[in-house]
Amino acid sequence: MLREEVVKALKILQEGGIILYPTDTIWGIGCDATNTDAVKKIYKLKQRDEAKSMIILLDTENKLESYISEVPSIAYDLIEYAENPLTLVMPGAKNVSPALINADGSIGVRVVKHDFCQQLIQRLRKPLVSTSANISGKPSPLYFGQVDQDIIDGVDYVVDLEQHDKEIKQPSTIMRLQPDGRFEFIRR
């Protein structure tokens, strides 16, 4: 089942489509993080201001340097020891769609610990966009049953995993991390 869903989602992503999928936090809308047209589809679906960037997911911290110019060494410790999912906002974004990069040149990155996401990212060989599965301004769904029908209808594929799971998951902790190791919490 997992492998089949990875294959189906991968095909959609490779064709420039957007998917609705489970993560280690809440359900997300995603696409190939290097495909600007696909990224813009997500902004349009969410009715989201393009100045509000979205994060990318990686399957392993070893890939951080492919997408961040100067990764602070503390980033690896933070990822390794974080008890809950952690998104790090770091400057020097590279090799992703310009539509994902904040005005200050930063991007949010989370190394995901979720089988489906890890396998999909490994097969895609690129980062996966992740943004909450809601219309901007509406509450983020805590499980699949709360996802708005407009979102379900607006994506190219809905991953058929964990849809009946009622476990309430929380969004990730978000930290802004500077190259010199200074950090601040954006969301705890």
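Structure first, text after, so check above.
Residues numbered from 1 in each chain as written. Predicted model: local features only at pLDDT ≥ 70, side-chain atom pairs only at ≥ 80, totals over all residues. Heavy atoms only, no water.

1. A short note on the overall build of the protein
We apply this condition: A run of H or I in DSSP counts as a helix once it spans at least four residues, and a run of E counts as a strand once it spans at least two, with each numbered from the N terminus. Both definitions apply: the radius of gyration is a C-alpha atom measure, and the globule rule equals 2.2 Å times residues to the power 0.38. Note on contacts: a residue pair qualifies if any of its non-hydrogen atoms lie within 4.5 Å across the two residues. Here the Shrake-Rupley method, with its probe set to 1.4 Å, supplies the accessible areas, and only the displayed protein chains count as covering residues. Under the counting rule used here, the positive set is Lys and Arg, the negative set is Asp and Glu, and His together with the chain ends is not counted. Charge positions come from single atoms, namely NZ of Lys, CZ of Arg, CG of Asp or CD of Glu.
Summing up its helical and strand segments, the protein has 6 helices and 9 strands in all. By the compact-globule yardstick of 16 Å for 188 residues, the protein fits well, its C-alpha radius of gyration being 15 Å. Dimensions of the protein, computed from the C-alpha atoms along their principal axes, are close to 45 × 35 × 30 Å. In the protein, of all internal contacts separated by at least 6 residues, the share reaching a separation of at least 24 is 67%. Accessible surface, the protein as shown: approximately 9400 Å² in total, 46% of it carbon and sulfur. Measuring between centres, the 23 positive side-chain charges of the protein sit 3 Å from its 27 negative side-chain charges.

2. Details of the nonpolar core
This is how it is decided: Nonpolar core, defined: a set of buried Ala, Val, Leu, Ile, Met, Phe, Trp, Tyr and Cys residues in which side-chain atoms within 4.5 Å join the residues together. Partly exposed residues are those whose accessible area sits between 20% and 50% of the maximum for their type, while under 20% is buried and over 50% is exposed, using a 1.4 Å probe and protein chains only.
Leu20, Ile29, Leu88 and Leu100 are the most contacted members of the largest nonpolar core, which totals 40 residues. Looking at this core, the elements with two or more residues in it are α2 (36-46), β3 (55-58), α3 (64-67), α4 (73-81), β4 (86-90), β5 (107-111) and β8 (173-177). The element best represented in this core is α2, accounting for 5 residues. Aside from chain neighbours lying at most four places away, what touches Leu20 is Trp27, Gly28, Ile29, Ala133, Phe144, Val147, Ile151, Ile152, Val155, Tyr157, Val158 and Val159. Grouped together as the second largest cluster of nonpolar side chains are 19 residues, Ala9, Phe116, Leu124 and Val159 included.

3. Observations concerning the side chain of Asp32
As for its position among the elements, Asp32 is in the loop between β2 (28-30) and α2. Residue classification places Asp32 among the buried residues on the basis of a relative accessible area of 6%. Asp32 has contacts with Leu13, Val39, Leu124, Lys126, Pro127 and Val129, leaving out every residue within four places of it along the chain.

4. Side note on unusual backbone geometry
Backbone geometry places Gln47, a non-glycine residue, at a positive phi of 55°. A positive phi is found at Arg125, a non-glycine position, where the angle reads about 60°. For Arg125, the position within the fold is in the loop between α5 (115-124) and β6 (128-132).

5. Some remarks on the environment of Pro141
You can see Pro141 is positioned in the loop between β6 and α6 (149-154). According to the relative accessible area criterion, Pro141 is buried, its value standing at 2%. In the structure, Pro141 is positioned 88 residues away from Ser53 in sequence and 19 Å away in space, judged by C-alpha atoms. If near-sequence neighbours (up to four positions away) are discounted, Pro141 is found in contact with Ile26, Ala133, Asn134, Gln146 and Val147.

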